[in-house]
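# Notes for the structure review
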Amino acid sequence: MKFTELGLVPEILRSIADQGYETPTPIQAQAIPVVLAGRDLMACAQTGTGKTAGFTLPILNRLAASRLTGPRKIRVLILTPTRELAAQVEESVRTYGAHLPFKSLVMFGGVGMNPQISALRGGIDILVATPGRLLDHAQQRNVDLSGVEVLVLDEADRMLDMGFIHDIKRVIKLVPKTRQNLLFSATFSDEIRTLAGSFLVEPEYVESERRNTAPDLVRQYVHKVDRERKRDLLVDLIRDNGWYQVLVFTRTKWGANGLADKLLKAGIEADAIHGNKSQNARTRALANFKSGKLHVLVATDIAARGIDINELPHVVNFELPNVAEDYVHRIGRTGRAGTEGSAVSLVCVDENKLLHDIERLLKKQIEVVAYPDYAPDPSIRAEPILMRSAGTRAGQRSPGGRPGSGGQRGNSPRAPSGTGKPAVGSHRSGSRHH
Ligand code: AMP
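Residues numbered from 1 in each chain as written. Predicted model: local features only at pLDDT ≥ 70, side-chain atom pairs only at ≥ 80, totals over all residues. Heavy atoms only, no water.

## Looking at the site of the ligand
Applied cut-off: The rule for a residue being near a molecule or strand is that one of its heavy atoms must lie within 4 Å of it. N or O atoms closer than or at 3.5 Å make up a polar contact, with two conditions inside protein: a donor-capable atom paired with an acceptor-capable one, and, for residues adjacent in sequence, both atoms drawn from side chains.
The immediate surroundings of the ligand are formed by 14 residues, with Tyr21, Gln28, Gly48, Gly50 and Thr52 found nearest. The separation between a nitrogen atom of the ligand and a polar side-chain atom of Gln28 is 2.7 Å. Within the backbone of Gly50, a nitrogen or oxygen atom sits 2.7 Å from an oxygen atom of the ligand.

Put into C-alpha coordinates, the structure is as follows:
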(Lines give C-alpha, C1' and ligand atoms only; values in the text may rest on other atoms or scores of the structure.)
Protein backbone atom coordinates (compact mmCIF):
# COMPACT_ATOMS: atom_id res chain seq x y z
CA MET A 1 0.00 0.00 0.00
CA LYS A 2 1.12 3.56 -0.74
CA PHE A 3 0.12 6.79 0.98
CA THR A 4 -1.35 7.97 -2.30
CA GLU A 5 -3.97 5.21 -2.11
CA LEU A 6 -5.46 6.46 1.15
CA GLY A 7 -7.42 9.39 -0.25
CA LEU A 8 -5.46 12.12 1.51
CA VAL A 9 -5.50 15.68 0.14
CA PRO A 10 -2.48 16.80 -1.92
CA GLU A 11 -1.24 19.21 0.79
CA ILE A 12 -0.89 16.32 3.21
CA LEU A 13 0.67 13.99 0.65
CA ARG A 14 3.20 16.74 0.07
CA SER A 15 4.23 16.87 3.72
CA ILE A 16 4.44 13.09 3.84
CA ALA A 17 6.75 13.24 0.84
CA ASP A 18 8.73 16.03 2.56
CA GLN A 19 9.38 13.55 5.37
CA GLY A 20 10.51 10.93 2.89
CA TYR A 21 7.82 8.42 3.91
CA GLU A 22 6.51 6.20 1.15
CA THR A 23 4.61 3.42 2.77
CA PRO A 24 2.20 3.72 5.67
CA THR A 25 3.17 1.68 8.73
CA PRO A 26 0.70 -1.11 9.63
CA ILE A 27 -1.04 1.03 12.24
CA GLN A 28 -1.34 3.90 9.75
CA ALA A 29 -2.70 1.65 7.03
CA GLN A 30 -5.38 0.42 9.42
CA ALA A 31 -6.19 3.60 11.33
CA ILE A 32 -6.20 6.22 8.58
CA PRO A 33 -9.23 4.88 6.67
CA VAL A 34 -11.21 4.51 9.90
CA VAL A 35 -10.50 8.06 11.02
CA LEU A 36 -11.17 9.46 7.55
CA ALA A 37 -14.55 7.75 7.61
CA GLY A 38 -15.39 9.61 10.80
CA ARG A 39 -15.57 6.47 12.92
CA ASP A 40 -14.49 6.11 16.54
CA LEU A 41 -11.25 4.21 16.93
CA MET A 42 -9.59 2.14 19.60
CA ALA A 43 -5.99 1.50 18.60
CA CYS A 44 -3.49 -0.65 20.39
CA ALA A 45 -0.16 0.78 19.35
CA GLN A 46 3.09 1.55 21.05
CA THR A 47 5.46 4.42 20.47
CA GLY A 48 7.60 3.74 17.44
CA THR A 49 4.81 2.25 15.36
CA GLY A 50 4.00 5.52 13.60
CA LYS A 51 0.82 5.95 15.62
CA THR A 52 1.12 9.73 15.82
CA ALA A 53 0.89 10.13 12.06
CA GLY A 54 -1.80 7.45 12.20
CA PHE A 55 -4.17 9.92 13.80
CA THR A 56 -2.62 13.26 12.85
CA LEU A 57 -2.76 12.72 9.08
CA PRO A 58 -6.45 11.77 8.81
CA ILE A 59 -7.49 14.41 11.35
CA LEU A 60 -5.76 17.12 9.31
CA ASN A 61 -7.41 15.68 6.25
CA ARG A 62 -10.83 15.92 7.85
CA LEU A 63 -10.24 19.54 8.80
CA ALA A 64 -9.00 20.32 5.31
CA ALA A 65 -12.04 18.67 3.75
CA SER A 66 -14.49 20.72 5.80
CA ARG A 67 -12.98 24.13 6.33
CA LEU A 68 -15.16 26.39 8.43
CA THR A 69 -15.73 30.05 7.86
CA GLY A 70 -16.00 32.52 10.71
CA PRO A 71 -13.79 32.77 13.78
CA ARG A 72 -11.49 29.87 14.55
CA LYS A 73 -12.64 27.40 17.14
CA ILE A 74 -10.77 24.47 18.60
CA ARG A 75 -11.93 21.59 16.41
CA VAL A 76 -9.47 18.95 17.55
CA LEU A 77 -8.38 18.26 21.10
CA ILE A 78 -5.53 15.82 21.73
CA LEU A 79 -4.80 14.84 25.33
CA THR A 80 -1.47 13.30 26.27
CA PRO A 81 -0.06 12.15 29.61
CA THR A 82 3.22 14.06 29.51
CA ARG A 83 4.52 17.37 28.30
CA GLU A 84 7.17 15.67 26.18
CA LEU A 85 4.57 13.69 24.34
CA ALA A 86 2.35 16.77 23.98
CA ALA A 87 5.26 18.67 22.44
CA GLN A 88 6.07 15.82 20.07
CA VAL A 89 2.50 15.36 18.95
CA GLU A 90 2.10 19.06 18.29
CA GLU A 91 5.34 18.99 16.38
CA SER A 92 3.87 16.24 14.19
CA VAL A 93 0.73 18.31 13.67
CA ARG A 94 2.91 21.14 12.42
CA THR A 95 5.03 18.86 10.27
CA TYR A 96 2.15 17.09 8.57
CA GLY A 97 0.06 20.26 8.39
CA ALA A 98 2.89 22.39 6.99
CA HIS A 99 1.01 23.07 3.74
CA LEU A 100 -2.36 23.67 5.40
CA PRO A 101 -3.58 26.86 7.07
CA PHE A 102 -4.42 25.40 10.50
CA LYS A 103 -3.09 26.70 13.79
CA SER A 104 -2.06 24.42 16.58
CA LEU A 105 -1.01 24.99 20.16
CA VAL A 106 0.68 22.82 22.74
CA MET A 107 -0.28 23.47 26.33
CA PHE A 108 1.03 22.09 29.59
CA GLY A 109 1.69 23.20 33.12
CA GLY A 110 4.79 24.53 34.80
CA VAL A 111 4.94 27.71 32.74
CA GLY A 112 3.02 30.93 32.90
CA MET A 113 -0.55 30.77 31.69
CA ASN A 114 -0.53 34.16 30.01
CA PRO A 115 1.26 33.23 26.78
CA GLN A 116 -1.14 30.31 26.45
CA ILE A 117 -4.10 32.63 27.02
CA SER A 118 -2.92 35.01 24.28
CA ALA A 119 -2.35 32.10 21.93
CA LEU A 120 -5.85 30.82 22.64
CA ARG A 121 -7.28 34.28 21.99
CA GLY A 122 -5.54 34.35 18.63
CA GLY A 123 -7.60 31.35 17.52
CA ILE A 124 -6.54 27.71 17.45
CA ASP A 125 -7.75 24.78 15.36
CA ILE A 126 -5.87 21.96 17.04
CA LEU A 127 -5.01 21.90 20.71
CA VAL A 128 -2.57 19.37 22.18
CA ALA A 129 -2.64 19.44 25.97
CA THR A 130 -1.95 17.62 29.18
CA PRO A 131 -5.17 17.37 31.18
CA GLY A 132 -4.19 19.37 34.27
CA ARG A 133 -3.30 22.61 32.55
CA LEU A 134 -6.22 22.33 30.16
CA LEU A 135 -8.60 22.12 33.12
CA ASP A 136 -6.93 25.12 34.74
CA HIS A 137 -7.67 27.12 31.62
CA ALA A 138 -11.18 25.74 31.42
CA GLN A 139 -11.85 26.76 35.01
CA GLN A 140 -10.72 30.29 34.22
CA ARG A 141 -12.81 30.25 31.08
CA ASN A 142 -9.81 30.89 28.89
CA VAL A 143 -10.57 28.04 26.57
CA ASP A 144 -13.71 27.26 24.59
CA LEU A 145 -14.10 23.59 23.77
CA SER A 146 -17.63 23.82 22.41
CA GLY A 147 -16.44 23.42 18.82
CA VAL A 148 -14.46 20.20 19.34
CA GLU A 149 -15.22 17.65 16.62
CA VAL A 150 -12.44 15.15 17.34
CA LEU A 151 -11.13 14.13 20.74
CA VAL A 152 -7.97 12.02 20.94
CA LEU A 153 -6.62 10.30 24.04
CA ASP A 154 -3.03 9.41 23.27
CA GLU A 155 -1.23 6.87 25.46
CA ALA A 156 -4.44 6.44 27.39
CA ASP A 157 -3.01 3.56 29.43
CA ARG A 158 -0.32 5.83 30.75
CA MET A 159 -2.84 8.55 31.50
CA LEU A 160 -4.75 6.09 33.65
CA ASP A 161 -1.53 4.91 35.32
CA MET A 162 -0.77 8.51 36.18
CA GLY A 163 -4.13 9.01 37.81
CA PHE A 164 -5.70 11.19 35.11
CA ILE A 165 -9.01 9.38 34.89
CA HIS A 166 -10.99 12.06 36.74
CA ASP A 167 -9.37 14.82 34.72
CA ILE A 168 -10.25 12.99 31.52
CA LYS A 169 -13.85 12.65 32.62
CA ARG A 170 -13.99 16.35 33.41
CA VAL A 171 -12.60 17.22 29.99
CA ILE A 172 -15.14 14.96 28.30
CA LYS A 173 -17.90 16.98 29.97
CA LEU A 174 -16.55 20.13 28.35
CA VAL A 175 -16.68 18.95 24.74
CA PRO A 176 -19.78 18.43 22.59
CA LYS A 177 -21.55 15.09 22.97
CA THR A 178 -21.45 14.41 19.27
CA ARG A 179 -17.87 14.07 18.22
CA GLN A 180 -15.35 11.58 16.91
CA ASN A 181 -13.27 9.80 19.57
CA LEU A 182 -9.90 8.17 19.11
CA LEU A 183 -8.21 6.22 21.85
CA PHE A 184 -4.60 5.08 21.59
CA SER A 185 -3.09 2.77 24.14
CA ALA A 186 -0.09 0.45 24.31
CA THR A 187 -2.08 -2.15 26.23
CA PHE A 188 -5.65 -3.43 26.40
CA SER A 189 -5.94 -3.59 30.17
CA ASP A 190 -9.30 -3.95 31.88
CA GLU A 191 -9.19 -0.27 32.83
CA ILE A 192 -8.65 0.68 29.20
CA ARG A 193 -11.55 -1.50 28.14
CA THR A 194 -13.76 0.22 30.72
CA LEU A 195 -12.67 3.64 29.53
CA ALA A 196 -13.19 2.60 25.90
CA GLY A 197 -16.66 1.31 26.76
CA SER A 198 -17.73 4.64 28.22
CA PHE A 199 -15.92 6.87 25.76
CA LEU A 200 -16.17 5.32 22.32
CA VAL A 201 -19.24 4.80 20.18
CA GLU A 202 -19.24 1.65 18.04
CA PRO A 203 -15.49 1.84 17.66
CA GLU A 204 -13.34 0.11 15.12
CA TYR A 205 -10.47 -1.79 16.76
CA VAL A 206 -7.02 -1.82 15.27
CA GLU A 207 -3.88 -3.31 16.66
CA SER A 208 -0.37 -2.83 15.36
CA GLU A 209 1.70 -5.19 17.38
CA ARG A 210 0.62 -8.16 19.35
CA ARG A 211 0.13 -7.31 22.94
CA ASN A 212 3.15 -7.68 25.17
CA THR A 213 5.54 -8.88 22.56
CA ALA A 214 9.02 -7.52 22.34
CA PRO A 215 10.36 -6.38 18.98
CA ASP A 216 12.14 -9.22 17.18
CA LEU A 217 15.06 -7.08 16.17
CA VAL A 218 16.14 -6.42 19.72
CA ARG A 219 18.80 -8.62 21.16
CA GLN A 220 17.88 -9.02 24.81
CA TYR A 221 20.23 -10.27 27.47
CA VAL A 222 20.93 -10.09 31.15
CA HIS A 223 24.13 -9.51 33.07
CA LYS A 224 23.82 -10.80 36.62
CA VAL A 225 25.67 -8.46 38.94
CA ASP A 226 25.76 -7.43 42.58
CA ARG A 227 23.63 -4.38 43.33
CA GLU A 228 26.62 -2.37 44.59
CA ARG A 229 28.61 -3.07 41.41
CA LYS A 230 26.00 -2.10 38.83
CA ARG A 231 27.36 1.38 38.32
CA ASP A 232 30.90 0.16 37.70
CA LEU A 233 29.62 -2.48 35.32
CA LEU A 234 27.65 0.10 33.36
CA VAL A 235 30.73 2.30 33.02
CA ASP A 236 32.73 -0.71 31.79
CA LEU A 237 30.01 -1.80 29.38
CA ILE A 238 29.83 1.64 27.80
CA ARG A 239 33.61 1.97 27.59
CA ASP A 240 34.46 -1.58 26.54
CA ASN A 241 31.84 -1.65 23.78
CA GLY A 242 32.24 1.95 22.68
CA TRP A 243 28.50 2.55 23.05
CA TYR A 244 27.58 6.07 22.06
CA GLN A 245 23.82 6.40 22.33
CA VAL A 246 22.50 4.62 25.36
CA LEU A 247 19.15 5.10 27.05
CA VAL A 248 19.43 3.88 30.64
CA PHE A 249 16.39 3.24 32.79
CA THR A 250 16.28 3.62 36.54
CA ARG A 251 13.32 3.16 38.84
CA THR A 252 13.60 6.42 40.70
CA LYS A 253 14.40 10.05 40.04
CA TRP A 254 17.19 10.14 42.60
CA GLY A 255 18.61 6.96 41.13
CA ALA A 256 18.67 8.62 37.70
CA ASN A 257 20.49 11.68 39.07
CA GLY A 258 23.05 9.66 40.99
CA LEU A 259 23.80 7.46 38.04
CA ALA A 260 24.22 10.39 35.64
CA ASP A 261 26.67 11.96 38.13
CA LYS A 262 28.63 8.74 38.40
CA LEU A 263 28.90 8.46 34.60
CA LEU A 264 30.00 12.07 34.31
CA LYS A 265 32.69 11.47 36.90
CA ALA A 266 33.85 8.52 34.84
CA GLY A 267 34.21 10.86 31.85
CA ILE A 268 31.08 9.71 30.02
CA GLU A 269 28.79 12.44 28.71
CA ALA A 270 25.52 11.75 30.53
CA ASP A 271 22.43 13.53 31.78
CA ALA A 272 19.22 12.53 33.53
CA ILE A 273 15.60 13.31 32.75
CA HIS A 274 12.73 12.88 35.15
CA GLY A 275 9.70 14.69 36.45
CA ASN A 276 11.63 16.90 38.86
CA LYS A 277 13.75 18.47 36.17
CA SER A 278 12.71 21.73 34.60
CA GLN A 279 11.25 21.49 31.16
CA ASN A 280 14.17 23.40 29.73
CA ALA A 281 16.62 20.96 31.23
CA ARG A 282 14.66 18.01 29.86
CA THR A 283 14.33 19.48 26.40
CA ARG A 284 18.02 20.32 26.33
CA ALA A 285 19.05 16.87 27.50
CA LEU A 286 16.88 15.21 24.89
CA ALA A 287 18.18 17.44 22.08
CA ASN A 288 21.77 16.76 23.11
CA PHE A 289 21.11 13.05 23.23
CA LYS A 290 19.49 13.02 19.82
CA SER A 291 22.31 15.02 18.28
CA GLY A 292 24.91 12.67 19.77
CA LYS A 293 26.46 15.27 22.10
CA LEU A 294 25.29 13.26 25.08
CA HIS A 295 26.21 9.60 25.00
CA VAL A 296 23.98 8.45 27.80
CA LEU A 297 20.52 9.57 28.83
CA VAL A 298 19.33 8.24 32.16
CA ALA A 299 15.57 8.27 32.51
CA THR A 300 12.71 7.10 34.66
CA ASP A 301 9.88 5.23 32.95
CA ILE A 302 7.47 8.12 33.07
CA ALA A 303 9.95 10.68 31.77
CA ALA A 304 10.99 8.41 28.92
CA ARG A 305 7.48 7.53 27.89
CA GLY A 306 6.64 8.88 24.51
CA ILE A 307 10.13 10.10 23.74
CA ASP A 308 10.68 9.70 20.06
CA ILE A 309 14.22 8.59 19.37
CA ASN A 310 14.64 6.76 16.13
CA GLU A 311 16.86 3.74 15.79
CA LEU A 312 18.25 3.86 19.26
CA PRO A 313 21.06 1.32 19.39
CA HIS A 314 21.16 0.50 23.11
CA VAL A 315 18.76 0.37 25.99
CA VAL A 316 20.03 -0.55 29.43
CA ASN A 317 17.75 -1.56 32.26
CA PHE A 318 19.94 -0.44 35.11
CA GLU A 319 17.11 -1.63 37.31
CA LEU A 320 14.28 -3.82 36.17
CA PRO A 321 10.86 -2.21 36.24
CA ASN A 322 8.41 -3.45 38.87
CA VAL A 323 5.72 -3.86 36.26
CA ALA A 324 6.68 -6.37 33.61
CA GLU A 325 4.84 -4.52 30.83
CA ASP A 326 7.15 -1.55 31.36
CA TYR A 327 10.04 -3.75 30.26
CA VAL A 328 8.40 -4.15 26.86
CA HIS A 329 7.83 -0.39 26.63
CA ARG A 330 11.44 0.28 27.53
CA ILE A 331 13.04 -2.03 25.05
CA GLY A 332 10.57 -0.99 22.36
CA ARG A 333 12.74 2.08 21.95
CA THR A 334 15.48 0.16 20.27
CA GLY A 335 15.54 -2.00 17.18
CA ARG A 336 13.02 0.20 15.42
CA ALA A 337 12.50 0.66 11.72
CA GLY A 338 14.55 -2.35 10.71
CA THR A 339 17.68 -1.56 12.67
CA GLU A 340 19.01 -3.98 15.22
CA GLY A 341 19.26 -2.94 18.81
CA SER A 342 20.39 -4.33 22.09
CA ALA A 343 18.59 -4.31 25.40
CA VAL A 344 20.69 -5.33 28.35
CA SER A 345 19.39 -5.67 31.87
CA LEU A 346 21.64 -5.48 34.92
CA VAL A 347 19.99 -7.82 37.35
CA CYS A 348 20.96 -8.16 40.99
CA VAL A 349 19.78 -10.79 43.44
CA ASP A 350 16.89 -8.57 44.60
CA GLU A 351 15.42 -8.58 41.12
CA ASN A 352 15.18 -12.26 40.33
CA LYS A 353 11.44 -12.28 40.83
CA LEU A 354 11.01 -9.26 38.56
CA LEU A 355 13.07 -11.00 35.91
CA HIS A 356 10.92 -14.07 36.27
CA ASP A 357 7.73 -11.97 35.84
CA ILE A 358 9.15 -10.42 32.68
CA GLU A 359 10.08 -13.79 31.23
CA ARG A 360 6.62 -15.07 31.98
CA LEU A 361 5.12 -12.12 30.12
CA LEU A 362 7.48 -12.58 27.16
CA LYS A 363 6.92 -16.33 27.28
CA LYS A 364 10.62 -16.89 26.88
CA GLN A 365 13.79 -16.80 28.88
CA ILE A 366 16.19 -13.94 28.43
CA GLU A 367 19.73 -15.05 27.78
CA VAL A 368 22.08 -14.57 30.73
CA VAL A 369 25.56 -13.51 29.64
CA ALA A 370 28.41 -13.49 32.14
CA TYR A 371 30.47 -10.33 32.14
CA PRO A 372 34.12 -10.91 33.02
CA ASP A 373 35.02 -9.87 36.59
CA TYR A 374 31.43 -9.14 37.57
CA ALA A 375 30.20 -12.56 38.65
CA PRO A 376 27.80 -12.02 41.54
CA ASP A 377 28.89 -12.90 45.06
CA PRO A 378 26.69 -15.89 45.98
CA SER A 379 26.74 -14.96 49.66
CA ILE A 380 24.77 -11.74 49.06
CA ARG A 381 21.11 -12.14 50.02
CA ALA A 382 18.13 -10.50 48.39
CA GLU A 383 16.77 -7.34 49.97
CA PRO A 384 13.41 -5.69 49.41
CA ILE A 385 13.37 -3.15 46.62
CA LEU A 386 12.90 0.41 47.80
CA MET A 387 10.97 2.67 45.50
CA ARG A 388 10.92 6.13 46.95
CA SER A 389 13.37 8.50 48.41
CA ALA A 390 11.00 9.99 50.98
CA GLY A 391 12.96 11.21 53.96
CA THR A 392 16.36 10.53 52.44
CA ARG A 393 18.69 12.62 50.43
CA ALA A 394 20.86 11.50 47.58
CA GLY A 395 23.93 11.93 49.75
CA GLN A 396 22.67 9.34 52.19
CA ARG A 397 22.56 6.56 49.70
CA SER A 398 24.98 3.79 49.25
CA PRO A 399 27.06 3.68 46.07
CA GLY A 400 24.79 1.02 44.67
CA GLY A 401 22.08 3.59 44.37
CA ARG A 402 19.84 2.23 47.07
CA PRO A 403 18.50 4.48 49.75
CA GLY A 404 19.66 4.12 53.28
CA SER A 405 17.19 4.02 56.13
CA GLY A 406 14.13 6.16 55.72
CA GLY A 407 13.05 5.08 52.26
CA GLN A 408 9.55 3.75 51.91
CA ARG A 409 8.99 0.50 50.31
CA GLY A 410 6.42 -1.21 48.29
CA ASN A 411 5.04 1.88 46.61
CA SER A 412 3.51 1.37 43.24
CA PRO A 413 6.09 2.12 40.59
CA ARG A 414 3.34 3.39 38.37
CA ALA A 415 2.20 6.07 40.71
CA PRO A 416 4.17 9.24 40.23
CA SER A 417 5.93 10.18 43.42
CA GLY A 418 4.77 13.27 45.17
CA THR A 419 1.38 14.67 44.47
CA GLY A 420 -0.40 11.87 42.72
CA LYS A 421 -0.29 13.95 39.55
CA PRO A 422 2.63 14.02 37.23
CA ALA A 423 4.72 17.10 37.29
CA VAL A 424 3.61 19.09 34.32
CA GLY A 425 5.84 21.73 32.97
CA SER A 426 6.21 23.82 29.98
CA HIS A 427 7.91 23.80 26.73
CA ARG A 428 6.50 25.78 23.91
CA SER A 429 3.47 27.82 24.46
CA GLY A 430 3.15 29.93 21.37
CA SER A 431 0.67 29.17 18.64
CA ARG A 432 1.87 27.70 15.41
CA HIS A 433 0.86 28.82 12.01
CA HIS A 434 0.63 26.35 9.24
P1 AMP B 1 5.43 7.27 16.59
O2 AMP B 1 5.10 5.83 16.81
O3 AMP B 1 4.25 8.06 16.21
O4 AMP B 1 6.15 7.84 17.78
O5 AMP B 1 6.43 7.36 15.33
C6 AMP B 1 7.69 6.77 15.34
C7 AMP B 1 8.61 7.31 14.26
O8 AMP B 1 8.27 6.79 13.00
C9 AMP B 1 8.58 8.81 14.11
O10 AMP B 1 9.93 9.28 14.15
C11 AMP B 1 7.99 9.08 12.77
O12 AMP B 1 8.58 10.21 12.19
C13 AMP B 1 8.32 7.81 12.01
N14 AMP B 1 7.30 7.48 10.99
C15 AMP B 1 5.99 7.66 11.10
N16 AMP B 1 5.35 7.20 9.99
C17 AMP B 1 6.30 6.71 9.18
C18 AMP B 1 6.26 6.08 7.88
N19 AMP B 1 5.11 5.83 7.24
N20 AMP B 1 7.43 5.69 7.34
C21 AMP B 1 8.58 5.89 8.01
N22 AMP B 1 8.69 6.47 9.23
C23 AMP B 1 7.56 6.87 9.81
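There's more to say after this.
## Observations regarding the nonpolar core
Soluble, globular proteins show a tendency: their nonpolar side chains are buried together. How we decide: We call a set of buried residues a nonpolar core when its members are Ala, Val, Leu, Ile, Met, Phe, Trp, Tyr or Cys and they connect through side-chain atoms within 4.5 Å of each other. Only protein chains enter the accessibility calculation, which uses a 1.4 Å probe; a residue is then buried when its area is under 20% of its type maximum, exposed when over 50%, and partly exposed in between. Secondary structure is summarised from DSSP: a helix means a run of H or I of at least four residues, a strand means a run of E of at least two, and numbering begins at the N terminus for each.
In this structure, Leu41, Ile78 and Leu182 are the most contacted members of the largest nonpolar core, which totals 40 residues. For this core, the element with the most residues is helix α3 (residues 51-65), which contributes seven residues.

## With respect to the pattern of salt bridges
Note the following rule: The term salt bridge refers to a pairing of a side-chain nitrogen on Lys or Arg with a carboxyl oxygen on Asp or Glu at a separation within 4 Å.
Per the stated rule, a full pass over the model turns up 23 salt bridges. Of the charged contacts, one joins Asp357 and Arg360 as a salt bridge, the two residues approaching to 3.6 Å between their closest N and O atoms. Taken together, the residues Asp357 and Arg360, both in helix α15 (residues 352-362) and three residues apart, mark about one turn of the helix. The class of Arg360 is exposed, set by a relative accessible area of 57%. The network of salt bridges with shared partners includes Lys51, Asp154 and Glu155.

## Regarding the packing of helix α14 (residues 324-331) against α15
For the record, the criterion: All axes are obtained by fitting lines to C-alpha atoms, using only the stretch in contact for helices, and the reported angles, taken between N-to-C directions, cover 0 to 180 degrees. Here is the rule for angles: anything less than 35 degrees is roughly parallel, anything more than 145 is roughly antiparallel, 65 through 115 is roughly perpendicular, and the remaining ranges are oblique. In this description, contact between two residues means that some pair of their heavy atoms is separated by no more than 4.5 Å. Three classes are used: nonpolar for Ala, Val, Leu, Ile, Met, Phe, Trp, Tyr, Cys and Pro, charged for Asp, Glu, Lys and Arg, and polar for all others, with Gly counted as polar.
Running from amino to carboxyl end, α14 crosses α15 at an angle of 70°, the nearest separation of the two axes being 8 Å. As judged from the angle between their axes, α14 and α15 are roughly perpendicular. Counted together, Ala324, Glu325, Tyr327 and Val328 of α14 and Asp357, Ile358, Leu361 and Leu362 of α15 form the full contact between these two elements. Looking at the contact of α14 with α15, its residues break down into six nonpolar, no polar and two charged.

## Things to note about the confidence of the model for the chain
Applied cut-off: Per residue, pLDDT measures the predictor's confidence, with a range of 0 to 100.
Mean pLDDT for the chain: 84, with 84% of residues reaching 70 or above. Note on residues 388-434: pLDDT under 50 across the span, and 128 contacts to partners over four residues away in sequence or across chains.

## Points about the sheet that holds strand β5 (residues 150-153)
We apply this condition: One requirement defines pairing of two strands: DSSP has to find at least two bridges between them.
On the basis of which strands lie adjacent, the open sheet formed by seven strands has the order β3-β4-β2-β5-β6-β1-β7 and parallel pairing. Because the sheet does not close on itself, it has two edges, and the strands there are β3 (104-107) and β7 (204-207). Across the sheet, the mean angle separating the axes of adjacent strands is 15° when strand polarity is ignored. Sheet analysis places β5 next to strand β6 (residues 180-185), joined by four bridges and oriented parallel. In the strand pairing of β6, Val152 is matched with Leu182. Across the sheet, helix α2 (residues 26-36) touches β1 (41-44), β6 and β7, and the angle it forms with β7 is around 165°. Contacting β2 (76-79), β3 and β4 (126-129), helix α4 (residues 83-96) runs over the sheet at an angle of about 175° to β3.

## Structural notes on the sheet that holds strand β14 (residues 367-368)
The strands that make up a sheet are held in pairs by hydrogen bonds between backbone atoms, and each pair lies either parallel or antiparallel. With parallel pairing, seven strands are arranged side by side in an open sheet as β10-β11-β9-β12-β13-β8-β14. The outermost strands of the open sheet, each flanked by one partner alone, are β10 (270-273) and β14. Pairing between strand β9 (residues 246-249) and strand β11 (residues 296-299): four bridges, direction parallel. Across the sheet, Leu247 pairs through a bridge with Leu297, a residue of β11. Across the sheet, helix α12 (residues 279-291) touches β9, β10 and β11, and the angle it forms with β11 is around 140°.

## Describing the environment of Gly147
Along the polypeptide, Gly147 turns up in the loop between α6 (131-139) and β5. Taking relative accessible area as the criterion, Gly147 reaches 16% and is therefore assigned buried. Between the alpha carbons of Gly147 and Lys73 there is a distance of 5.8 Å; along the sequence they are 74 residues apart. Look past the residues within four positions of Gly147 in its chain and what remains in contact with it is Lys73, Ile74, Arg75 and Pro176.

## Let's talk about α6
Along α6, seven of the nine residues are buried, which leaves the element largely enclosed by surrounding structure. Taken residue by residue, α6 has Pro131, Gly132, Arg133, Leu134, Leu135, His137 and Ala138 as its buried positions. Taken together, the buried residues of α6 touch β2, β3, α5 (114-121), β4, α7 (156-161) and α8 (165-174). Arg141 sits one or two positions beyond α6 and adopts a positive phi of about 55°.

## Thoughts on the packing of aromatic side chains
Here is the rule we go by: The pairing test for Phe, Tyr and Trp rings, Trp by its six-membered ring, is centres within 6.5 Å, and the orientation test on the planes gives stacked under 30 degrees, edge-to-face over 60, and tilted for anything in between. By definition here, charges over rings are those cases where NZ of Lys or CZ of Arg is within 6 Å of the ring centre and within 35 degrees of the ring normal.
Counting across every chain of the model gives two aromatic pairs. Ring geometry for Phe55 versus Phe184: centroids 4.9 Å apart, planes at 50°, classification tilted. Of this pair, Phe55 sits in helix α3 while Phe184 is found in strand β6, placing the two residues 129 residues apart along the sequence. Since its relative accessible area comes to 0%, Phe184 is described here as buried. Taking the centre distance of 6.1 Å and the plane angle of 55° together, the rings of Tyr371 and Tyr374 count as tilted. Here the two residues Tyr371 and Tyr374 agree in accessibility, since each one is buried. The aromatic ring of Tyr221 is capped on one face by Arg219, whose charged end is 4.2 Å from the ring centroid.

## As for unusual backbone geometry
Positive phi values are uncommon outside glycine, yet Glu155 reaches one of about 50°. Looking at where Glu155 falls in the secondary structure, it is placed in the loop between β5 and α7. On the accessibility criterion, Glu155 (3% relative accessible area) is buried. Phi at Lys363 takes a positive value of approximately 60°, unusual for a residue other than glycine. Within the element layout of this structure, Lys363 appears in the loop between α15 and β14. For Lys363, a relative accessible area of 74% gives the class exposed.

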